[in-house]
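Here are the chains, one letter per residue:
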2 protein chains.
Amino acid sequence: MFKRKRIVIALGGNALGDTLPEQMIAVKSTAQALCDLIEEGHQVVVVHGNGPQVGMINNAMSALSREDANQPNTPLSVCVAMSQAYIGYDLQNALREELRKRGFMRTPVVTVVTQVRVDENDPAFKNPSKPIGRFLTKEDAQFQTKAYGHIMKEDAGRGYRRVVASPKPVEIVEMDAINSLVDAGKIVITCGGGGIPVVLKEDHLKGASAVIDKDFASALLARELGADMLIILTAVEKVAVNFGKENEEWISDMSVADAKRYIAEGQFAPGSMLPKVQAAVEFAESGTDRTAMITLLSKAKDGLKGETGTVIHL
Amino acid sequence: MFKRKRIVIALGGNALGDTLPEQMIAVKSTAQALCDLIEEGHQVVVVHGNGPQVGMINNAMSALSREDANQPNTPLSVCVAMSQAYIGYDLQNALREELRKRGFMRTPVVTVVTQVRVDENDPAFKNPSKPIGRFLTKEDAQFQTKAYGHIMKEDAGRGYRRVVASPKPVEIVEMDAINSLVDAGKIVITCGGGGIPVVLKEDHLKGASAVIDKDFASALLARELGADMLIILTAVEKVAVNFGKENEEWISDMSVADAKRYIAEGQFAPGSMLPKVQAAVEFAESGTDRTAMITLLSKAKDGLKGETGTVIHL
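Computed from a predicted model, the values in this text were never measured in an experiment.

Visitor: Kindly report on the relation of the copies chain A and chain B, identifying the contributing residues and their values.
Guide: Expressed as a screw operation, the relation of chain A to chain B combines 0.0 Å of axial shift with a rotation of 180°, fitting to an RMSD of 0.0 Å. On this basis, the relationship between the two copies can be described by a two-fold rotation axis. Comparing interface residues between copies, 100% of those in chain A also sit at the interface in chain B, which points to an isologous, same-surface contact.

Visitor: Quick rundown of the sheet that holds strand 16 (residues 291-295) of chain B? Include the residues and the values.
Guide: Residue and element names in this part refer to chain B. Here we have 8 strands laid out as an open sheet, ordered 3-9-2-1-12-16-17-15, and mixed in their pairing. Of all strands in the sheet, those bounded by a partner on one side alone are strand 3 (109-111) and strand 15 (253-255). Sheet twist, expressed as the mean angle between neighbouring strand axes with direction ignored, is 20°. Where strand 15 lies against strand 17 (residues 310-313), 3 bridges are found, and the strand directions are parallel. Counted as the bridge partner of Met-254 is Ile-312 from strand 17. Sitting on the sheet, helix 6 (residues 214-224) is in contact with strand 1 (6-11), strand 2 (43-48) and strand 12 (229-233), with an inclination near 170° to strand 1. Along the sheet, helix 7 (residues 256-264) makes contact with strand 15 and strand 17, crossing strand 15 at roughly 90°.

Visitor: Talk me through the interface of chain A and chain B; I want residue IDs and the actual numbers.
Guide: Between chain A and chain B, the residue contacts involve 54 residues of the former and 54 residues of the latter. In terms of surface lost to chain B, no three residues of chain A exceed A:Tyr89, A:Val113 and A:Asp203, which account for 15% of the buried area on that side. Our count for the contact surface shared by chain A and chain B stands at 8 salt bridges. On inspection of chain A and its partner chain B, the count reaches 22 residue pairs in polar contact (both at pLDDT 80 or more). Those elements giving two or more residues to the side of chain A that touches chain B turn out to be helix 1 (20-39), helix 2 (51-67), helix 3 (76-101), strand 3 (109-111), helix 5 (175-183), strand 10 (196-201) and strand 11 (204-207) of chain A. In the side of chain A that touches chain B, the residues fall into 29 nonpolar, 12 polar and 13 charged.

Visitor: Talk me through the packing of helix 6 (residues 214-224) of chain A against helix 8 (residues 273-284) of chain A; I want residue IDs and the actual numbers.
Guide: Residues and elements named next belong to chain A. At a minimum axis separation of 8 Å, helix 6 and helix 8 run at an interaxial angle of 10°. Of the possible angle classes, the one that applies to helix 6 and helix 8 is roughly parallel. Taking contact as the criterion, the partners of Lys-214, Asp-215, Phe-216, Ala-219, Ala-222 and Arg-223 in helix 6 are, on helix 8, Pro-275, Lys-276, Gln-278, Ala-279, Glu-282 and Phe-283. Split into classes, the residues belonging to the contact of helix 6 with helix 8 amount to 6 nonpolar, 1 polar and 5 charged.

Visitor: Quick one: what's the story with the sheet that holds strand 9 (residues 187-189) of chain A, residue by residue and with numbers?
Guide: Residue and element names in this part refer to chain A. Pairing is mixed in the open sheet, where 8 strands are placed in the order 3-9-2-1-12-16-17-15. Two strands close off the open sheet at either side, each with one partner strand: strand 3 and strand 15 (253-255). Each strand of the sheet is rotated relative to its neighbour by a mean of 20°, with strand direction disregarded. Docked against the sheet, helix 1 engages strand 1 (6-11), strand 2 (43-48), strand 9 and strand 12 (229-233), running at close to 155° with respect to strand 2. Here helix 3 sits on the sheet and contacts strand 1, strand 2, strand 3 and strand 9; the angle it forms with strand 3, its principal contact strand, is near 175°.

Visitor: Summarise the environment of B:Glu139; cite the residues concerned and give the values.
Guide: In this structure, B:Glu139 sits in helix 4 (residues 138-148). Considered as a pair, B:Glu139 and B:Tyr160 are 21 residues apart in the sequence and their alpha carbons are 9.5 Å apart.

Visitor: Outline the pairing of strand 17 of chain B, supporting the account with residue identities and numerical values.
Guide: As paired elements, strand 16 of chain B and strand 17 of chain B share 3 bridges and run antiparallel to each other. By the bridge assignment, B:Met293 is partnered in strand 17 of chain B with B:Val311.

Visitor: Before we move on, could you go through the pairing of strand 7 (residues 160-164) of chain B and cite the residues and values that matter?
Guide: Residue and element names in this part refer to chain B. The buried fraction of strand 7 amounts to 4 of the 5 residues, a majority that puts the element mostly inside the structure. Looking at chain direction, strand 5 (residues 130-136) and strand 7 are connected through 4 bridges and run antiparallel. Residue pairing in the sheet places Pro-131 in a bridge with Val-163 of strand 7. Looking at chain direction, strand 6 (residues 152-154) and strand 7 are connected through 3 bridges and run antiparallel.

Visitor: So what's going on with empty space enclosed by the protein? Residues and values would help.
Guide: All names here are of chain B. Inspection of the entire model under this criterion finds 3 cavities of 30 Å³ or more. Its volume calculated, the largest cavity comes out at about 120 Å³. Lining the largest cavity are Asn-58, Asn-59, Ser-62, Arg-66, Ile-132, Gly-133, Arg-134, Leu-136, Gln-144, Met-152 and Arg-162. Of the residues that constitute the lining of the largest cavity, the class distribution is 3 nonpolar, 5 polar and 3 charged.

Visitor: Describe the side chain of B:Thr308, with residues and values.
Guide: All names here are of chain B. Within the element layout of this structure, Thr-308 appears in the loop between helix 9 (300-304) and strand 17. Residue Thr-308 is classed as buried on the basis of its relative accessible area, which comes to 7%. Within the structure, the side chain of Thr-308 is placed 2.6 Å from the side chain of Glu-237, a separation counted as a polar contact. Other than its neighbours up to four places away in sequence, Thr-308 contacts Glu-237, Lys-238, Met-293, Thr-295, Lys-299, Asp-302 and Gly-303.

Conventions used here
- Just so you know, the residues in each chain are numbered from 1, in the order the chain's sequence is written.
- Chain letters start at A and ligand numbers start at 1, both assigned in the order the entries are written.
- Local features in this predicted model are restricted to residues whose pLDDT is 70 or higher, and side-chain atom pairs enter the listing and the counts only when it is 80 or higher, whereas totals over whole chains, interfaces and linings include all residues.
- Side-chain metrics in this entry use all non-hydrogen atoms of the structure; hydrogen atoms and water are not considered.
- In this comparison the copies share one frame, found by least squares on the C-alpha atoms of residues holding pLDDT of at least 70 in both.
- Contacts between residues were defined by any pair of non-hydrogen atoms, one from each residue, lying within 4.5 Å.
- DSSP-based pairing: two strands are paired if at least 2 bridges between them are found.
- Runs of E in the DSSP output that reach at least two residues are strands. Runs of H or I that reach at least four are helices, and both are numbered from the N terminus.
- Every angle, taken between N-to-C directions, lies between 0 and 180 degrees, and every axis is a line fitted to C-alpha atoms, over only the stretch in contact when it is a helix.
- Here the quantity called buried area is the accessible surface, traced with a 1.4 Å probe, that two parts lose on coming together, added over both.
- Each reported salt bridge corresponds to a side-chain nitrogen of Lys or Arg within 4 Å of a carboxyl oxygen of Asp or Glu.
- Think of a polar contact as two N or O atoms within 3.5 Å of one another; within protein, one of them needs to be a possible hydrogen donor and the other a possible acceptor, and neighboring residues in sequence only count if both atoms come from side chains.
- Polar here means any residue other than Ala, Val, Leu, Ile, Met, Phe, Trp, Tyr, Cys and Pro, which are nonpolar, and Asp, Glu, Lys and Arg, which are charged; Gly is therefore polar.
- Any angle between 65 and 115 degrees counts as roughly perpendicular, while under 35 counts as roughly parallel, over 145 as roughly antiparallel, and the rest as oblique.
- A simple rule labels every residue: compare its accessible area, found with a 1.4 Å probe on the protein chains alone, to the largest value its type can have, and call it buried under 20%, exposed over 50%, or partly exposed in between.
- Think of a 1 Å grid over the protein atoms and nothing else: a 1.4 Å probe that fits but is trapped marks a cavity, an open set flanked by protein within 12 Å on at least five of seven lines marks a pocket, and residues with an atom within 4 Å of a point count as lining.
- Grid points are joined across faces, edges and corners, and a volume is the space filled by probe spheres set on the points.

In short, the description is geometric, and any link to function would need to be established separately.
Structure follows, in structure tokens:
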């Protein structure tokens, strides 16, 4: 018997292209895959990454500061906010258009500017490690440190890049509004780029120099929404253990206990598959009726039918 | 007897400052004035302008294109989208903070990325007249025309500026989601900068090189929401007729018929008070239970009590 599922889907920012023309093409195939699920009757909530996009916006705002002395450098949190509208605008229109092509008369797609609170004592702030923006010369890197306090790291002989913290999400500030929209049957795009990172200072939400991992933000969102499923999209159809070795194995199904054992064995690459499996575990272990899946965008529909993907459950 | 009113408030983009630090200060007094109304029990929906902000973002994206050949010029519609998140993020936090200071435990403020459809046959597209962005030399202006097809106009000896169309809003694309949020009691920031201007091409919403007047967008929003009141904020406490003349008169109350007569007499400056009065008339004439008011931000509360401002009604 068919059960309508509430599904949170996390899309990679890299899959959305590096420039606006690339993005306008990329959102079309994304919209088709998402509409496949909507057409089957599921309720879909969309989270997207923003790695290349927030870097591009950060570069643009820095370029403006160099040209116009009145414009101070723009904090990363503001760049994340702008990236949510930059991506959401294209993505919501591609979704709307694809829904109309398939004969849906109502197309209530909406992008919510979303803040996600992080803990200012998160250890990630002591060890900023996520590179953003473009490669710089040593002089330009030193200027950024002096002028803006940015932390710059040399990156494998290719030049210097700004590194920022990637703290864990603690609370989705606009959860109340997101719940209302999802309950009312809207198709919501939220927590873009992992959310605008903010820390609580008394009553004030202060932007943080950070980029939140969108997979962890998706897991938190899925828990808060009481979703049935979290689908984390990536560049492979299934998760592998012993990757590249003789005993390589592509996993169709793993329990939370299995996943934790694999994590402890160091089976998954940090900054790549590891956070995806960790986020999947966080959601799956929050309830017996909650399942996470890791797969390709184009395989999400087949994955929901149990035909492919890696499923993680209690 | 107190009647809780549903109020759409239109804030000027110029009142939000030219830079991020200016904006962070400006949103505080804005939030105080808005919270005065919320504290009295009214339901507030916020629209803001984006003149300086969309110009700044447009400049930043152009600066990036000059530095990075891979980055094509960013359409104005995308810059408007980014300005909605740039302003909404600050404004929603200032509102949230002020509400908490006043003891509100729930602070469901939310910014919706909003598209507003315009008619591609709107005569405004034949006569672009709204200047945006900074002043350019003749060579730079010619380059923009050649490279991007921008229409540039010489501006009173101060250099060249890009001019864009300012068409009338026809439909708020995300109205369905906005209605859900307002009905659920959220404090919604929407139609920022008059909305992202789009035209309908079959099933596709295509970004338009335009900036929609935020006062007209507010009037449309107020009608669609069935609001009781539209408050258009400006730099004067009341509307004047015979402004600067011996028989100058500050108007407290005018009927739609009065307002239309004054408009026909040329009493209001185009690009300044005229569109505000026109937008007020559009809302007020849509129902006997609908009132528009034009006043200062700091006088909105007193205006609601009937103590100041210019009220426009059927």
